[in-house]
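Next come the chains, spelled out residue by residue.
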Amino acid sequence: MNNWSHRVADIESFKVMDLLKRAKELDAQGHDVVHMCAGEPDFATPAPIAAAGIAAIQEGHTQYTPAAGIPPLREAIASFYQQRYGLDIPAERVIVTAGASGALLLVFATLANPGQTFMMADPGYPCNPRFLRLLEARGQLVPVTAADNYQLTPDLIEQHWQANTAGVLLASPSNPTGSVVHREQLELIAQTVKSHAGRLVVDELYHGLTYGFDATSVLSVDQDAFVLNSFSKYFGMTGWRLGWTVVPEAAAPEVERLAQNLFISPPTIAQYAALAAFQPDTLEILEQRREAFKERRDILVKGLRSLGFGIPLTPEGAFYVYADASRFTDNTFDFCWTLLEQDKVAVTPGIDFGDYQANRYIRFSYTTSVAQIETALARLRARLS
Ligand SMILES: Cc1ncc(COP(=O)(O)O)c(C=O)c1O
């Protein structure tokens with residue numbers, strides 16, 4: 001008897017999963033697949049963090065922690081805001097979560113009532129509307145283009161605001177476009193959202209992975225915003241499942257109460273490991289990796305442009321290039337399958353990130369070495385010329 005809930009029936013899978021499965025099969029058959037699908041760094045967790053994790057197990061830190069996280073980690077995250085952004089954030093506003101995924105669920109559950117919407121850019125991170133669906137709310141997808149810097153703008157927010165809009169979600173840098181909302185624009189967006197008495201949530205997951213500059217946290221311009229962040233990307237800890245949210249003071253007890261009920265606590269060993277994430281030796285490793293990502297981005301963007309892919313704006317952050325492949329195909333889903341089967345290059349079709357012109361786009365992740373990126377470019381060249 002398959003009487004599953006409507007909620008679960010409405011949640012779509014990642015379309016790329018079948019592609020990934022096939023890429024793994026090809027690997028197992030001995031094919032040399034270039035993997036540019038993954039949304040995670042290819043680098044292992046930095047050694048000081050791994051060592052702190054091992055020590056945590058050996059010292060017996062294996063039980064539940066407070067729901068909002070261990071106090072020293074909340075303090076360390078708060079201090080990081082001082083160090084990186086010059087911001088004074090009390091540790092009580094920091095709630096440690098099971099990845100940004102845990103933070104997304106907590107924040108949306110705190111802010112969205114059934115029937116309400118959160119406005120967000122299309123293309124964007126596909127799980128966002130699904131979290132809202134789970135809460136009987138909805139993601140309100142607004143198409144964005146290169147002319148909008150692939151981000152919601154104050155005008156777009158104004159145009160699309162509805163009576164049931166609870167707020168706006170930005171992701172800066174964005175997955176899949178790598179575009180960044182800069183300080184002035186953040187200020188204007190914060191004002192626009194406030195003028196409608198809405199809530200602003202900013203996913204700052206790819207902070208630290210911007211190239212040539214540091215991104216502005218929304219907390220520099222709006223203390224009422226909710227911030228999502230994670231140890232997954234910049235800190236190279238995807239599998240440890242640890243993130244955090246910074247919430248306004250009044251929201252902290254609400255979010256904490258939800259966290260107690262939903263998760264009991266974030267992963268304990270990961271929290272002790274993450275205490276080493278802000279040490280100077282760790283940050284030095286992370287900054288070297290950031291340089292490596294920048295080099296990869298530059299090579300990939302230049303190479304794809306020379307092949308005829310449309311990349312009107314150089315992505316400023318994250319580790320993705322969202323390239324317009326309409327010169328070569330009107331169906332990037334099929335095109336990605338061909339690339340995988342025939343050329344052994346694994347990339348993600350636009351359809352995984354929304355509806356708007358999705359069939360024109362491909363997301364390339366530069367979470368692989370320069371040598372592998374060069375190989376992928378050579379294989380693309382052979383196919384397209
Ligand atoms: C924009 C964005 N937000 C949130 C997440 C969730 O990340 P995690 O739960 O690993 O912190 C991802 C993962 O790829 C992402 O790209």
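The structure we're discussing is the one just above.
If you're wondering where the values come from, they're calculated on a predicted model, not measured in any experiment.

The next subject is the sheet that holds strand β9 (residues 320-324). Strand order in the open sheet formed by three strands is β9-β12-β11, and the pairing between neighbours is antiparallel. Edge positions in the sheet fall to β9 and β11 (348-349), since each of these pairs with one other strand and no more. Pairing geometry for β11 and strand β12 (residues 361-365), over two bridges, is antiparallel. From the neighbouring strand, P349 faces β12, where its bridge partner is I362.

Take the environment of D222 next. Among the structural elements, D222 can be located in the loop between β6 (199-203) and β7 (226-230). When the C-alpha positions of D222 and L200 are compared, they lie 8.9 Å apart, and in sequence the two are 22 residues distant. Residues within four places of D222 in sequence aside, it is in contact with A190 and L200.

Two quantities define a packed helix pair, namely the angle between the helix axes and the distance between the axes. Across the interface, helix α5 (residues 99-111) lies against helix α9 (residues 252-263) with an axial gap of 10 Å and an inter-helix angle of 125°. Taken together, α5 and α9 sit at an angle that is classed as oblique. The handedness of the crossing between α5 and α9 is right-handed. Across from G102, L106, A109 and T110 in α5, the residues of α9 making contact are E254, V255, L258, A259 and F263. Taken together, the residues of the contact of α5 with α9 sort by class into six nonpolar, two polar and one charged.

Rules behind the numbers
- Residues numbered from 1 in each chain as written.
- Predicted model: local features only at pLDDT ≥ 70, side-chain atom pairs only at ≥ 80, totals over all residues.
- Pairing = 2+ DSSP bridges.
- Helix = DSSP H or I, 4+ residues; strand = E, 2+ residues; numbered from the N terminus.
- Contact = placed C-beta atoms within 7 Å.
- Axes fitted to C-alpha atoms, helices over the stretch in contact; angles between N-to-C directions.
- Parallel < 35°, antiparallel > 145°, perpendicular 65-115°, else oblique.
- Left-handed = near helix turned anticlockwise from the far one by under 90°.
- Nonpolar A, V, L, I, M, F, W, Y, C, P; charged D, E, K, R; others polar.

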